[in-house]
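In case you want the letters, here they are:
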Amino acid sequence: MSGLNALLDALLTERDAGREAVLATVVKVEGSAYRRPGARMLVSRFGRPEGTISGGCLEAEVAKKAWWLTEAGPALRSYSTAEADEASEEALSFGLGCNGKVHVLFERLPASGSCALVDALLSVRDTQQPAAIATVIASPTGASPRLGARLFLVPGQHARGELLRSGLAEQIRADLQQTLLRGKSSRCLYPHGADEVEVLLEYLPPARRLVIFGAGHDAQPLVRMAKLLGWHVTVIDGRAHFARAERFADADQVLVSDVEQPFAFRDQVRGAAVAVMTHSLVQDAHWLQGVLRSEPCYVGQLGPRERTERLLAGIHEQLAKPQDELQGLEYLHYPIGLDLGGDTPESVAMAMLAEIQAVLNGRSGGSLRFRSASIHDSDPVVMAGLDETDIAAKGCRHFAGQR
């Protein structure tokens, strides 16, 4: 969801002014590409474009053509990054030598009223709950469902969108439910008479959450860097003169909590990445003990290894059944951060955030020059709970390589 907040803010600005906007979305990638399906860029009539769909090579072309491409409705455009003489006739070639092709869906967003995609994106941002959205990215000419038709699903709510009027609605709705369960995007081909309808089943995750216990000077660049990634950031400290909103203008929350009181942040920590970095033995012991009981997805403790082991020994001494109480130990990393070198607050923050990013993405954090596999992971070719026989019977075919 990196960059989503700025894009949505720009979109809401256009709506408030009663103006349409054009949204360009990467819906399919073949071969090598900088951005993956789900990358978005908003093109307004008078403002600057917001968001990116490539490493900078497509944005000017997209901004230039967005309005006339959508004069008659949604449009799909292909951009080839292969050598110019290898580009297919229907693709606009940039001759970058990357041997890939990016398929971009262009669509006008209304100046007012409901829009399935915008509703889904706003729901994810405002509720911090995931959603799944199905988008038709290829359909027989003149047939229903049309290009750009959508259906979106939020946990605990009924599906919404114009695809509800399609004969494929039940099938797509069931696949969207599986998309939510898997937490992965994919593409599907659904039989439609003698033809097929291609649908992007996109998983929309909420912003990743980072909880920082410690409001010292070295926490400030960590907050700024995490916000650049679009994360939701909370800063907590027992010292009111450190934990002040004006010192952390980019943070979503800045909280003061007395370490003499019971740990009160289980909800904030559950499922979040956590950095404990108060530089105080008393505070670190209090926060680390509470965090390790609260089901985080990552915990990093700042400081030398020996210091953290003393903290853990002290915590174990306070617990009657430490093996039952500290389930979060398997997620604990200390000393926090990758071995990048540097001793400034900014370099330390970069090393910390790099490790968190690697762990949450299931990566080692090593150099890409030593990676033999593709940079981008491929998704499973089947959905959770379905085998190849079920998929064949159901009539949809899933593709690897979407994320």
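Residues numbered from 1 in each chain as written. Predicted model: local features only at pLDDT ≥ 70, side-chain atom pairs only at ≥ 80, totals over all residues. Heavy atoms only, no water.

> Report on the pairing of strand β11 (residues 209–213), specifying residues and quantitative values.
Burial of β11 is extensive: 4 of the 5 residues sit out of reach of the surface. With 5 bridges connecting them, β11 and strand β12 (residues 232–237) associate as parallel partners. Note on β12: the bridge partner recorded for I212 is V235. Taking the sense of rotation as the criterion, the β-α-β connection linking β11, helix α5 (residues 219–228) and β12 turns out right-handed. Strand direction decides the pairing type here: β11 and strand β14 (residues 273–276), joined by 4 bridges, are parallel. Among the inter-strand pairings, F213 is bridged to a residue of β14, identified as V276. (Buried < 20%, exposed > 50% of the residue type's maximum accessible area, 1.4 Å probe, protein only. Helix = DSSP H or I, 4+ residues; strand = E, 2+ residues; numbered from the N terminus. Pairing = 2+ DSSP bridges. Right-handed = clockwise from strand over helix to strand, strands pointing away.)

> Which residues make up the pairing of strand β9 (residues 186–192), and what values go with them?
Counting buried positions along β9 yields 5 of 7 residues, so the element is predominantly enclosed. For β9 and strand β10 (residues 195–204), the ladder comprises 7 bridges, and the chain directions are antiparallel. By the bridge assignment for β10, P191 is matched with E196. With antiparallel pairing between neighbouring strands as the criterion, β9 and β10 make up a hairpin whose turn holds 2 residues, including G193 at a positive phi of roughly 65°.

> Requested: an account of the packing of aromatic side chains, with residues and values cited.
The full count for this structure, using the stated rule, is 6 aromatic pairs. Aromatic pair F213 and F265: ring centres 6.2 Å apart, planes at 65°, arrangement edge-to-face. Here F265 lies in the loop between β13 (253–256) and α6 (266–269) and F213 lies in strand β11, a separation of 52 residues in the sequence. F265 carries the same exposure label as F213, and that label is buried. Ring geometry for F263 against W287: centres 6.2 Å apart, planes inclined by 65°, an arrangement best described as edge-to-face. Residue F263 is located in the loop between β13 and α6, and its partner W287 is located in helix α7 (residues 281–292); the two are separated by 24 residues in the primary sequence. Across the pair, W287 and F263 agree in class, each one buried. Feature note: the residues F213, F263, F265 and W287 constitute an aromatic cluster, connected by ring pairs. The ring of W67 has R45 lying over it, and the distance from NZ or CZ to the ring centre is 3.7 Å. (Phe/Tyr/Trp six-rings, centres within 6.5 Å; stacked < 30°, edge-to-face > 60°. Lys NZ or Arg CZ within 6 Å of the ring centre and 35° of its normal.)

> Which residues make up helix α1 (residues 4–16), and what are the values?
For α1, with 13 residues, the first-to-last C-alpha span of 18 Å sits near the 18 Å given by 1.5 Å per residue. Along α1, the positions that sit buried rather than exposed are L4, L7, L8, L11, E14 and R15. Looking straight down α1, one finds its buried side chains confined to an arc of 115°; they lie on one side. Residues of α1 that are buried make contact with β1 (21–31), β2 (40–44), β3 (50–51), β6 (100–109) and α3 (116–127). (Expected span 1.5 Å × (residues − 1). Arc of directions from axis to C-beta. Contact = heavy atoms within 4.5 Å.)

> Could you give an account of the nonpolar core, naming the residues involved and the relevant values?
Formed by 23 residues in total, the largest nonpolar core has its most connected members in L210, I212, L222 and M277. Among the elements of the structure, β11, α5, β12, β14 and α10 (345–360) are those that each provide at least two residues to this core. Once you skip the residues sitting within four places of it in the chain, L222 turns out to touch L210, I212, A275, M277, A349, M352 and L353. (Core = buried A, V, L, I, M, F, W, Y, C linked by side-chain atoms within 4.5 Å.)

> Describe the environment of L117, and please don't skip the residues or the numbers.
The topology assignment puts L117 in helix α3. A relative accessible area of 1% places L117 in the buried class. The spatial distance from the C-alpha of L117 to the C-alpha of L151 is 8.5 Å, given a sequence separation of 34 residues.

> Can you explain the confidence of the model for the chain? Please cite residues and give values.
The share of residues in the chain with pLDDT of 70 or more is 86%, and the mean pLDDT across the chain is 86. Confidence drops under a pLDDT of 50 for residues 86–90, and excluding neighbours within four residues, the segment shows 6 contacts in the predicted structure. (pLDDT = per-residue confidence, 0-100.)

> Which residues make up the sheet that holds strand β15 (residues 298–301), and what values go with them?
Taken in spatial order, the 6 strands line up as β13-β12-β11-β14-β15-β16 in an open sheet, and their pairing is parallel. Whereas interior strands pair on both sides, the edge strands pair on one side only; in this sheet they are β13 and β16 (332–333).

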